[in-house]
Amino acid sequence: MGSSLLKGEIPLEYTSIAVELIVGYFALLILTKVLGKTQITQISAFDFISALILGELVGNSLYDDKISVFQVLTAILIWGALIFVTEFFTQKSRKFRHLMEGTPAIVINKGIINYTVLKKNHLDLNQLQHLLRAKDIFSIKECEYALLESNGTLSVIKKPLYDQVQRQDLSLPLKKATLPMSLIMDGEIVYDNLKIVGEDDRWLQTEISRQGFASPKDVLLAEWTENEPLLVQGYE
């Protein structure tokens, strides 16, 4: 190895590690795209185990000289196919979906904690209180229903006394819901968003000039909201 380094050559084992990393990276990237966003955004216990195993398949290959790139790729493809088939059947069969993903459990029913359900799901009171606080509920008396979802999150319905007042309750006029769009980020114009809002560079330049900015490069963030002035912030 020493002589090869002196000659400026890359040792074979380093080349092998680099190839396996690159192949594993793109294989996992493609697999994630095929399986869909639920692997990340709605991760279940099964999805978590799947992610760990996929990582182990790639990680172990880096330290085992007997495992080739093609063996790693084959293992990833087979495991990915198993996950894909599992997801297919969970979408087609309600019973299979219940078996693999579980169903929501009612841990608070009409303001009363269901201790049996709590114990069955291996959840203690401290954990329940933590999940409730994440939903802006700081006392059990504020909660009417609480459902423990299969991915570990908590969905709640507050008691009417503690629920937030809605516009319809006060007979206030409704406003049209709008999606704010970032038109400039880190000094660069986001042309896709600019096209969506139906404006061009000249309009944007005029708007930021009104707020004392000579160029988009001077703007940290410019955020557009319908029927509201353009929000522009600089770096200082």
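Parameters at a glance
- Every chain begins its residue count from 1, and numbering advances along the sequence as written.
- Local features in this predicted model are restricted to residues of pLDDT 70 or higher, and side-chain atom pairs are both shown and tallied only at a pLDDT of 80 or more, whereas totals for entire chains, interfaces and linings draw on every residue.
- Water and hydrogen atoms play no part in the side-chain values, which are based on all heavy atoms of the structure.
- UniProt positions are given in the numbering used here, feature names are shortened, and annotations may be inferred rather than shown by experiment.
- Only one rule defines a salt bridge in this text: a Lys or Arg side-chain nitrogen within 4 Å of an Asp or Glu carboxyl oxygen.
- Starting at the N terminus, helices and strands are each numbered in turn, a helix being any DSSP run of H or I of at least four residues and a strand any DSSP run of E of at least two.
- DSSP calls a pair of strands paired once it identifies at least 2 bridges connecting them.
- The rule is simple: take the accessible area with a 1.4 Å probe, protein chains only, and divide by the maximum for that residue type; under 20% is buried, over 50% is exposed, in between is partly exposed.
- Surface patches are drawn from residues lacking salt bridges whose relative accessible area is over 30%; two like charges belong together within 9 Å, two nonpolar side chains (Val, Leu, Ile, Met, Phe, Trp, Tyr) within 5 Å.
- Using the Shrake-Rupley algorithm and a 1.4 Å probe, accessible areas are obtained, with residue cover drawn only from the displayed protein chains.
- Directions pointing from the helix axis toward each C-beta atom define the arc.
- Whether two residues touch is decided by their heavy atoms; if any such pair falls within 4.5 Å, the residues are in contact.
- Counted as a polar contact is a pair of N or O atoms within 3.5 Å, where, for protein atoms, one must be capable of donating a hydrogen and the other of accepting one, and residues adjacent in sequence contribute only when both atoms are in side chains.
- Within a predicted model, pLDDT stands for the predictor's per-residue confidence, ranging from 0 to 100.

Going by an unreviewed UniProt entry, the protein chain carries the name DUF421 domain-containing protein and comes from Rossellomorea marisflavi. In its Subcellular location (unreviewed entry) section, the UniProt entry covering the protein chain states "Cell membrane". Its UniProt record gives the protein chain a comment under Sequence similarities (unreviewed entry), which states: "Belongs to the UPF0702 family."

Our next topic: the pattern of salt bridges. In total, this model carries two salt bridges according to the counting rule given. Here R202 and D200 are joined by a salt bridge, their closest N and O atoms 3.8 Å apart. In this structure, R210 engages E207 in a salt bridge whose closest nitrogen and oxygen atoms are separated by 3.2 Å. Taken together, the residues R210 and E207, both in helix α10 (residues 201–210) and three residues apart, mark about one turn of the helix.

Read from one edge of the open sheet, four strands run β2-β1-β3-β4, paired in antiparallel fashion. The sheet is open, and its two borders are formed by β2 (112–113) and β4 (154–158), each paired with just one other strand. Relative to strand β3 (residues 143–148), strand β1 (residues 105–109) is paired through four bridges, and the arrangement is antiparallel. By the bridge assignment, I106 is partnered in β3 with L147.

A positive phi angle, close to 55°, is found at K110, a residue other than glycine. At D186, a position not held by glycine, the phi torsion is positive, near 55°. Residue position: D186 is located in the loop between β5 (181–185) and β6 (188–189). Accessibility expressed as a relative area gives 55% for D186, which makes it exposed.

The next point concerns a nonpolar patch on the surface. The grouping of F84, V85, F88 and F89 at the surface amounts to a nonpolar patch, some 370 Å² of accessible area in total. Its location among the elements puts F88 in helix α5 (residues 69–92).

This part covers α10. Among the residues making up α10, those that are buried are L204, E207 and I208. Taken down its axis, α10 places every buried residue within 90° of arc, on the same side. Away from its buried face, by an angle of more than 90 degrees, α10 presents the exposed residues R202 and R210. Tucked into the core, α10 has its buried residues touching β5, β6, α9 (191–196), β7 (219–224) and β8 (231–234). In the segment just after α10, G212 is the residue with positive phi, at about 90°.

Where burial is concerned, the two faces of β8 differ: the one with V232 and G234 is buried and the one with L231 and Q233 is not. As paired strands, β7 and β8 are joined by four bridges and run antiparallel to one another. If you follow L221 over to β8, its bridge partner there is Q233. The hairpin formed by β7 and β8 contains six residues between the paired strands, and N227 there has a positive phi angle of roughly 65°.

A few words on the sheet that holds β6. Pairing in this open sheet of four strands is antiparallel, and the strands run β6-β5-β7-β8 from one edge to the other. Each edge of the sheet is formed by a strand with only one pairing partner; in this case those strands are β6 and β8. Examined bridge by bridge, β5 and β6 share two bridges and lie antiparallel to one another. Residue I184 lies in a different strand from β6, and its bridge partner there is I189.

Of all the residues in helix α8 (residues 125–133), the buried ones are L128, L131 and L132. Projected onto a plane normal to the axis of α8, the buried residues spread over an arc of 100° and lie on a single side. By the N-cap criterion, in which a side-chain oxygen at the helix start approaches the backbone nitrogen of a residue two or three places on, α8 is capped by D124, the distance to N126 being 3.1 Å.

Attention now moves to the confidence of the model for the protein chain. When pLDDT is averaged across the protein chain, the result is 77; 69% of the residues are at 70 or more. Per-element confidence in the protein chain is highest for α10, whose mean pLDDT is 94, and lowest for helix α3 (residues 38–41), whose mean pLDDT is 45. In this model residues 1–8 is a low-confidence stretch, pLDDT under 50, and it forms five contacts with partners more than four residues away in sequence or in other chains.

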